[in-house]
Amino acid sequence: MTDAQLDRADSRVRHDEGLSGALRAFIDRVRSGDLGMLPVLIGLALITLVFSTLNPVFLAPNNLVNLLFDAAAIGLISLGVVCVLLLGEIDLSIGSMSGLSSALVGVLWVNSGLPMMVAIVGAVLAGAAVGAVYGVLRNKFEMPSFVATLAGLLGLQLYLLGSTGSINLPYTSPLVKFGQILIMPAWLSYLAAILPGAFMLYSGLKTMQRRRAANLFSPGLSVLLVKAGVITVALLACVAYLEQGRGVPYMFGVFTLFVVALDYALRRTHWGRSMFAVGGNAEAARRSGISVKKIRLSAFMLCSSLAALGGVFAASRLASASQQAGTGDVNLNAIAAAVIGGTSLFGGRGSAWSALLGIIVIQAISNGLTLLNLSSSLRYMITGAVLAIAVIVDSLARRSRASHGRA
Amino acid sequence: MQKGDLILKLRGVTKQFGAVTALQDIELDVHAGEVVALVGDNGAGKSTLIKTLAGVHQPTSGSIEWCGKPVTLDSPGTALELGIATVFQDLALCENLDVVANLFLGHELNPWALDEVEMEVRAWTLLQELAARIPSVRKPIASLSGGQRQTVAIARSLLLDPKIIMLDEPTAALGVAQTAEVLNLIERVRDRGHGVILISHNMEDVRAVADRIVVLRLGQNNGVFTAETSHQDLVAAITGATDNSVSRRMARKLGEPA
């Protein structure tokens, strides 16, 4: 490494190179309060330890397959919550929206006989419309989003289900199969486990080449190889374990695809950069020529649409659309998942992956408590406590980052 | 655009905030390749004028001409598109984003697949041109000092190759060497044919680089001066009286036995 590199000219900065350097930088980050995925991993380890001791069934492959089935619907809702949290906004009506969308699917598809896909698209469009209303209320009337969406929480009621209050979806339909039995073939699951590492390696090598050509520093090949290797081995181990049971649900695969797409959009596009900018400093974003109102509108619409799609997933999981859909702990779980996964309530920090990791934590807790035959009120209390702890960790980490001069 | 061409022409610009008239009948010309300093006491309307030109505030009345054509600056985006770049006193940086992201905010290269490598190279090149001492462009703004943030803010305004760049108190937070660098930078920008509007309370800095000094007082024009104008005359125009607190203090100092 020569000093001629553009970004290595300042002698005051310690440059972390190679594997040990990467490790040192990581420890520095954690110490200053930039915790990243660490709380989730620790939380998951604790949960696994506790529940598998109390009931060994918890770790059985088929129980974990069920866990993934259950995680997909609320995970999708949580993905939308990440979008609004990034702006420092909130949507409290996601549960009601998901319930409304499952009711719409029931009414349009089963009762009115429209094609299934038309009903699903209709439900998602209804979600987008509700999100647009929140966006307009926020932009035009400066209505705090928690009030607008709280109104939505009460306002989005399911009268359209009629007097019985529930519509059963046909068991043989592809939608219900998708929610209850469809499993990815083994080869596809293994392929999906290898792809992230392979892509990481490919894009990492390409970036390295470009940075070298542009006379910029690039972290060594060893760091890249270790990262890609760890991810590939971990994912392969997970898939191999799940394959001992039924395998990886398609539902979870589709959810993961959404996570990957949103992750790309947030990190690598102008839109995503604008989301972080608006969440960090809306006035600065406005002065840079970013249309803050459009960004807000897009976030609310995306959130409600994803909540609607999550509602469709939930209906397919339960094979029915009922007035109970989207009530109870759906709101709490979806918001808690995003926060536990590391998306800040204060805006400007977070990632799409926090929805996936967070929902696995939440679902693991809920699944473990169900296995212990605990009542649902106790389950709510424990989930509530976990959310409180996650928010405390978020606040403390934020304070620590501020005192260490990090964002 | 030739050097000396009129870029920006303000006539009768008035801005009212409710009962308060912040700007009244302001006239201002900015030509290509000149530095216009805007001076005045606190509350003279300098920042309001800058914000009006940046599209943050809309004038209550009056006309703004850009290269001979009347324009409406109804949003910061419009002002940027025309070629008016602004460095605000509060810098307007996103603390949660790194230096590269802040430099290119709103104008990222390749919006559907951000070109991070190219953006980083351009960031370093630009910062080196400004002789800026930024330790790393991949650190969030929150970790930079006040002077470094100022440098990032000025660098950002230059990225879009604007016709006019407006600097609101650019040297207020800077050390001696960095102030000199910014003044050098202002001259370099002027020599490239851009118009520069500079707001400063520091008469030394103003006289060092300004071709014309426009004085505002209580929201109105109060004369146009050149760098040769004496300090006393400038202060008199700014405060509105030859007998002012600055001159009285000077007289007292001179009167005291050495």
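Residues numbered from 1 in each chain as written. Chains lettered and ligands numbered in written order. Predicted model: local features only at pLDDT ≥ 70, side-chain atom pairs only at ≥ 80, totals over all residues.

1. Describing the overall build of chain A
Rules: Helix and strand labels come from DSSP, where a helix needs a run of H or I of at least four residues and a strand needs a run of E of at least two; each type is numbered from the N terminus. Values of the radius of gyration come from C-alpha atoms, whereas the globule rule sets the reference at 2.2 Å times the count of residues to the power 0.38. With C-beta atoms placed from the backbone, a residue counts as buried when 20 or more other C-beta atoms lie within 10 Å of its own, as exposed when 12 or fewer do, and as partly exposed for counts between those limits.
Across its full length, chain A holds 16 helices and two strands. Since a compact globule built from 407 residues should have a radius of gyration of about 22 Å, the 22 Å found for chain A is in line with a globular shape. For the C-alpha atoms alone, the extent of chain A along its principal axes is close to 75 × 55 × 40 Å. Considering chain A as a whole, with its 407 residues, one finds that 44% of them fall into the buried category.

2. Comments concerning the overall build of chain B
Selection rule: For every residue pair, C-beta atoms are placed from the backbone, and the pair is scored as a contact if these atoms sit within 7 Å.
Secondary structure summary: chain B contains nine helices and ten strands in total. Based on the C-alpha atoms only, the size of chain B along its principal axes is roughly 65 × 50 × 40 Å. The buried share of chain B, taken over its 258 residues, is 46%. Restricting the contact set of chain B to residue pairs at least 6 apart, pairs at least 24 apart contribute 65%.

3. Here we look at the domain arrangement of chain A
Interface size, as often reported, equals the accessible area lost upon joining of the parts. Residue and element names in this part refer to chain A. Test applied: Domain delimitation follows an automatic or database domain assignment. Charged residues are taken to be Asp, Glu, Lys and Arg, nonpolar residues to be Ala, Val, Leu, Ile, Met, Phe, Trp, Tyr, Cys and Pro, and polar residues to be all remaining types, Gly included.
Looking at the assigned domains, one finds that chain A contains domain 1 (61-182 + 272-397) and domain 2 (183-248). Once you take the C-alpha centre of each, domain 1 and domain 2 turn out to be 29 Å apart. Taken residue by residue, the interface counts six residues in domain 1 and eight residues in domain 2. A per-class count over the side of domain 1 that touches domain 2 returns five nonpolar, one polar and no charged.

4. Some remarks on the packing of helix 3 (residues 61-86) of chain A against helix 15 (residues 353-371) of chain A
If you want to describe how two helices pack, look at the angle between their axes and the distance between the axes. All names here are of chain A. Selection criterion: Fitting a line to C-alpha atoms yields each axis, with helices limited to the stretch in contact; the angle taken between N-to-C directions then spans 0 to 180 degrees. Note that the term roughly parallel is reserved for angles under 35 degrees, roughly antiparallel for angles over 145, roughly perpendicular for angles of 65 to 115, and oblique for everything else. By convention, the crossing between two helices is left-handed when the near helix turns anticlockwise from the far helix through less than a right angle, and right-handed when the turn is clockwise.
Where helix 3 contacts helix 15, the two axes come as close as 8 Å, and the packing angle between them is 135°. Between helix 3 and helix 15, the angle falls in the class oblique. The handedness of the crossing between helix 3 and helix 15 comes out as right-handed. Facing Asn63, Leu67, Asp70, Ala71, Ile74, Gly75, Ser78, Leu79 and Val82 of helix 3, the residues of helix 15 in contact are Ser354, Ala355, Leu356, Gly358, Ile359, Ile360, Gln363, Ala364 and Asn367. Looking at side-chain class alone, the contact of helix 3 with helix 15 contains ten nonpolar, seven polar and one charged residues.

5. Regarding the sheet that holds strand 7 (residues 164-168) of chain B
All names here are of chain B. Quick reminder of the rule: Strands pair, by our definition, only if DSSP identifies at least two bridges between them.
The strand order 6-7-8-3-9-10 describes an open sheet built from six strands, whose pairing is mixed. Two strands close off the open sheet at either side, each with one partner strand: strand 6 (84-87) and strand 10 (220-225). Pairwise comparison of adjacent strand axes, ignoring direction, gives a mean angle of 20° for this sheet. Where strand 3 (residues 35-39) and strand 9 (residues 212-217) come together, four bridges link them in parallel fashion. In the strand pairing of strand 9, Leu38 is matched with Val214. Contacts from helix 5 (residues 146-159) reach strand 6 and strand 7, with the element oriented near 175° to strand 6. Across the sheet, helix 6 (residues 176-191) is in contact with strand 3, strand 7 and strand 8 (195-199); its angle to strand 8 comes to roughly 150°.

6. Thoughts on the interface of chain A and chain B
Every contact between the two is made by 31 residues of chain A and, on the other side, 29 residues of chain B. Those elements giving two or more residues to the side of chain A that touches chain B turn out to be helix 8 (186-213), helix 11 (270-280) and helix 12 (282-287) of chain A. Looking at the side of chain A that touches chain B residue by residue, the classes come out as ten nonpolar, nine polar and twelve charged.

7. Thoughts on the packing of helix 5 (residues 116-141) of chain A against helix 13 (residues 292-318) of chain A
Residue and element names in this part refer to chain A. At their nearest, the axes of helix 5 and helix 13 sit 7 Å apart, and the two run at 145° to each other. Classified by chirality, the crossing of helix 13 by helix 5 is right-handed. In terms of residue class, the contact of helix 5 with helix 13 is made up of 16 nonpolar, seven polar and three charged.

8. A closer look at the domain arrangement of chain B
Residues and elements named next belong to chain B. Looking at the assigned domains, one finds that chain B contains domain 1 (6-83 + 162-255) and domain 2 (95-160). Its C-alpha centre places domain 1 at a distance of 26 Å from the equivalent point of domain 2. Counting from both sides, the interface comprises eleven residues of domain 1 and, opposite them, nine residues of domain 2. Residue contributions to the side of domain 1 that touches domain 2 peak at four residues, all from helix 6.

9. What to know about the environment of Met275 of chain A
Residue and element names in this part refer to chain A. Positionally, Met275 belongs in helix 11. A tally of 28 C-beta atoms within 10 Å means that Met275 is categorised as buried. As for Met275 and Asn111, which are separated by 164 residues in sequence, their C-alpha atoms are 40 Å apart.

10. Concerning unusual backbone geometry
Peptide bonds are mostly trans, and most non-glycine residues show a negative phi. In the Ramachandran plot, Glu142 of chain A falls in the positive-phi region, its phi being about 50° despite a non-glycine side chain. By C-beta crowding, Glu142 of chain A is classed as exposed, having 7 other C-beta atoms within 10 Å.

11. Considering the sheet that holds strand 2 (residues 20-31) of chain B
Backbone hydrogen bonds are what pair the strands of a sheet, in a parallel or an antiparallel way. All names here are of chain B. Taken in spatial order, the four strands of this open sheet run 2-1-4-5, and their pairing is antiparallel. This sheet does not close on itself; its edge strands, each paired only once, are strand 2 and strand 5 (69-70). The strands touched by helix 1 (residues 46-53) are strand 1 (6-17) and strand 2; relative to strand 2, the strand with the most contacts, the crossing angle is about 65°.

12. Here's the deal with the confidence of the model for chain B
Rules: Here pLDDT means the predictor's own confidence in every residue, given as a number from 0 to 100.
With 98% of its residues at a pLDDT of at least 70, chain B reaches an overall mean of 87. In the predicted assembly, ipTM is 0.88 and pTM is 0.87.

13. Considerations on helix 1 (residues 18-31) of chain A
Filter applied, for reference: Multiplying one less than the number of residues by 1.5 Å gives the expected span of a helix.
For helix 1 of chain A, spanning 14 residues, the distance from its first C-alpha to its last is 20 Å, which sits close to the expected 20 Å at 1.5 Å a residue. Looking one or two residues beyond helix 1 of chain A, the residue adopting positive phi is Gly33 of chain A, at roughly 105°.

14. Here we look at the environment of Pro61 of chain A
Residue and element names in this part refer to chain A. Among the structural elements, Pro61 can be located in helix 3. Residue Pro61 is classed as partly exposed on the basis of its 15 C-beta neighbours within 10 Å. Along the primary structure Pro61 and Glu243 are separated by 182 residues, whereas in three dimensions their C-alpha atoms are 7.7 Å apart. Apart from residues no more than four positions distant in its own chain, Pro61 is found in contact with Tyr241, Leu242, Gln244 and Gly245.

15. Let's talk about helix 1 of chain B
Most of helix 1 of chain B sits out of view: eight of its eight residues are buried. Positioned one or two residues after helix 1 of chain B, Gly55 of chain B has a phi angle of 85°, which is positive.

16. Observations regarding the pairing of strand 1 of chain B
Residues and elements named next belong to chain B. With eight bridges joining them, strand 1 and strand 2 adopt antiparallel strand pairing. By the bridge assignment, Phe17 is partnered in strand 2 with Val20. The antiparallel pairing of strand 1 with strand 2 creates a hairpin that spans two residues between the two strands, and Gly18 there sits at a positive phi of about 60°. Across five bridges, strand 1 lies against strand 4 (residues 61-66) in antiparallel orientation. Note that in strand 4 the partner of Leu8 across the bridge is Trp66.

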